[in-house]
Amino acid sequence: MHKNALGRRLFAGLFSLMLPLAAVHAQASKPITLIVGASPGGTTDRVARGIAQEMSDILGTTVIVENKPGAGGNIAADQVARSAKDGNTLLVSFTSFTVNASLYKKLPFDPQKDFSPISILAQVPSVLVARKDFPANNVEELIKLGKSKPKELSFALGGIGSSLHMATANFQMVTGIEGLNVPYKGTSPAIQDLVGGQVDLMFASVENVLPLLDSGRIKFLAVTSDKPLKQFPGLPPVSDTVPGFTSQAWFGMFGPAGMSPERLAELNMAAVEGAQRPSFISLMTHGGGQVVTNTPTEFAEFIKKDIAHYADVVKFTGASVD
């Protein structure tokens, strides 16, 4: 074979091997938009903005956060499910992603088939709190009181379909308490009524009740993590009394289904590395959470199991959204 012909073939072969890498690099050089199905200022928004900053540095490209709240995160999820498969439009979602699979009668997307799970980013437990003059001082006393007064104890719900709603339902389901559930449009107004004594109990996010810890305005009963939290010294986990009970809101990143394996691997690497950086870890631990990361395969399996778990809890609540 002539040397020039051989050279051309070798060059062509090397060029063909470089094409997938070049395509991934081209995708990464474009701005990435993280669509968030929650309003600015909440935990999901802070997770998204925190990881956006880290991923921007790691990938060397601009990462923008765009808030699209509504329908329990479904509006944002639907936008990402319909987006281009280049991985430049991603979703940062939360526990409602798996709850909605059972809560909503119809979804415009399939939560398992229409997305490429990238990685979990963090998990955040909640705190079981009561009005300041509530007669029970711990979970054991609460369960005894609840069983002696069916449908008399009121539980504030910080949003239908939220992780806090599911924590309440799961607690009632496993303890046999028949509570009176009072829905609110968010955790803050629910806490206001708890402080005012209009409701008896609620599961609240760490960041919402931490400022009230030493105020004497509410009573702290337990945390929903599997271990005590340093932010609440001496406060036991619910699982000390109710074996196996835990409730942690999760936050994770998804892309649309059909992304290339190379792009998915690159985004997973950036998300995992970014979440393990000290600044992101500090952001999470400040709100009582912890950084949790995994592979796309592990995250997909987690989503499958979480959908099945919440199907049972949603069925127990009887809640449904058209």
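Residues numbered from 1 in each chain as written. Predicted model: local features only at pLDDT ≥ 70, side-chain atom pairs only at ≥ 80, totals over all residues. Heavy atoms only, no water.

Attention now moves to the overall build of the protein chain. When you go through the protein chain residue by residue, the secondary structure sums to 11 helices and 10 strands. The principal-axis extents of the C-alpha atoms in the protein chain amount to approximately 95 × 40 × 30 Å. Considering the protein chain as a whole, with its 322 residues, one finds that 51% of them fall into the buried category. Sequence-distant contacts, at least 24 apart, represent 76% of the contacts inside the protein chain between residues at least 6 apart. As displayed, the protein chain offers around 15000 Å² of accessible surface, 55% of which is attributable to carbon and sulfur atoms. Side-chain charges of the protein chain comprise 28 positive and 27 negative groups, with the mean position of each set lying 5 Å from the other. (Helix = DSSP H or I, 4+ residues; strand = E, 2+ residues; numbered from the N terminus. Buried < 20%, exposed > 50% of the residue type's maximum accessible area, 1.4 Å probe, protein only. Contact = heavy atoms within 4.5 Å. Areas by Shrake-Rupley, 256 points an atom, 1.4 Å probe, with all protein chains shown as cover. Lys, Arg positive; Asp, Glu negative; His and termini not counted. Charge placed at Lys NZ, Arg CZ, Asp CG, Glu CD.)

One finds Leu-34, Met-55 and Met-253 to be the most contacted residues of the largest nonpolar core, which totals 31 residues. Where this core is concerned, the elements lending two or more residues are β1 (32–36), α2 (43–59), β2 (63–67), β3 (89–94), β4 (115–131), β9 (248–256), α9 (261–275) and α10 (278–286). When residues in this core are grouped by element, the largest group, 6 residues, is from α2. What Leu-34 contacts, discounting residues up to four positions off in sequence, is Ala-48, Ile-51, Ala-52, Val-63, Ile-64, Val-65, Glu-66, Leu-90, Val-92 and Met-253. Residues Phe-134, Leu-164, Ile-177 and Val-242 belong to the second largest nonpolar core, which totals 21 residues. (Core = buried A, V, L, I, M, F, W, Y, C linked by side-chain atoms within 4.5 Å.)

Side-chain alternation along strand β5 (residues 154–157) places Ser-154 and Ala-156 on one buried face and Phe-155 and Leu-157 on a second face that is also buried. With 4 bridges connecting them, β5 and strand β6 (residues 180–183) associate as parallel partners. Residue Phe-155 lies in a different strand from β6, and its bridge partner there is Asn-181. You can see the chain leave β5, run along helix α6 (residues 163–175) and come back into β6, and the turn it takes is right-handed. (Pairing = 2+ DSSP bridges. Right-handed = clockwise from strand over helix to strand, strands pointing away.)

Rolled over the atoms, a probe with the dimensions of a water molecule shows which regions are left empty. Evaluation of the coordinates by the stated rule reveals 1 cavity of 30 Å³ or more. Each pocket or cavity is described by its volume, and for the largest cavity that value is around 30 Å³. Every residue along the wall of the largest cavity is listed here: Gly-72, Gly-73, Asn-74, Ala-77, Ser-93, Phe-94, Phe-97, Asn-100 and Phe-109. Of all the secondary-structure elements, those providing two or more residues to the lining of the largest cavity are α3 (74–81), β3 and α4 (96–103). For the lining of the largest cavity, the class distribution of residues is 4 nonpolar, 5 polar and no charged. (1 Å grid on protein atoms, 1.4 Å probe; cavity = no way out; pocket = protein on both sides within 12 Å on 5 of 7 lines; lining within 4 Å. Points joined across faces, edges and corners; volume = space filled by probe spheres on them. Nonpolar A, V, L, I, M, F, W, Y, C, P; charged D, E, K, R; others polar.)

On to the packing of aromatic side chains, then. This model, assessed by the stated rule, comprises 13 aromatic pairs. Ring centres of Trp-250 and Phe-254 lie 6.3 Å apart, and the angle between their planes is 55°; on these two criteria the pair is classed as tilted. Between the aromatic rings of Trp-250 and Phe-302, the centroid separation amounts to 5.7 Å while the plane-to-plane angle is 90°, which identifies the pairing as edge-to-face. Of this pair, Trp-250 sits in strand β9 while Phe-302 sits in helix α11 (residues 296–317), placing them 52 residues apart in sequence. Looking at Trp-250, the relative accessible area reads 1%, which means it is buried. (Phe/Tyr/Trp six-rings, centres within 6.5 Å; stacked < 30°, edge-to-face > 60°.)

Quick look at the pattern of salt bridges now. Enumeration according to the criterion identifies 11 salt bridges in this entry. In this structure, Arg-277 engages Asp-57 in a salt bridge whose closest nitrogen and oxygen atoms are separated by 2.7 Å. Pair noted here: Arg-277 is in the loop between α9 and α10 and Asp-57 is in helix α2, with a separation of 220 residues, a long-range link. Residue Glu-266 is joined to Arg-263 by a salt bridge in which the shortest nitrogen-to-oxygen separation is 2.7 Å. In this pair, Glu-266 and Arg-263 are both assigned in helix α9, 3 residues apart and thus about one turn of the helix distant. The structure contains a network of salt bridges with shared partners spanning Glu-54, Asp-57, Glu-273 and Arg-277. (Salt bridge = Lys/Arg side-chain N within 4 Å of Asp/Glu carboxyl O.)

It is worth spelling out the layout of surface pockets at this point. In this structure, the largest pocket occupies an estimated 920 Å³ of space. Surrounding the largest pocket, 42 residues form its lining, Thr-44, Phe-94, Gly-158, Ser-162 and Thr-187 being those nearest its centre. Elements with a contribution of two residues or more to the lining of the largest pocket: α2, α4, β4, α6, α7 (187–195), α8 (206–209) and β9. Of the residues assigned to the lining of the largest pocket, the class counts are 15 nonpolar, 25 polar and 2 charged.

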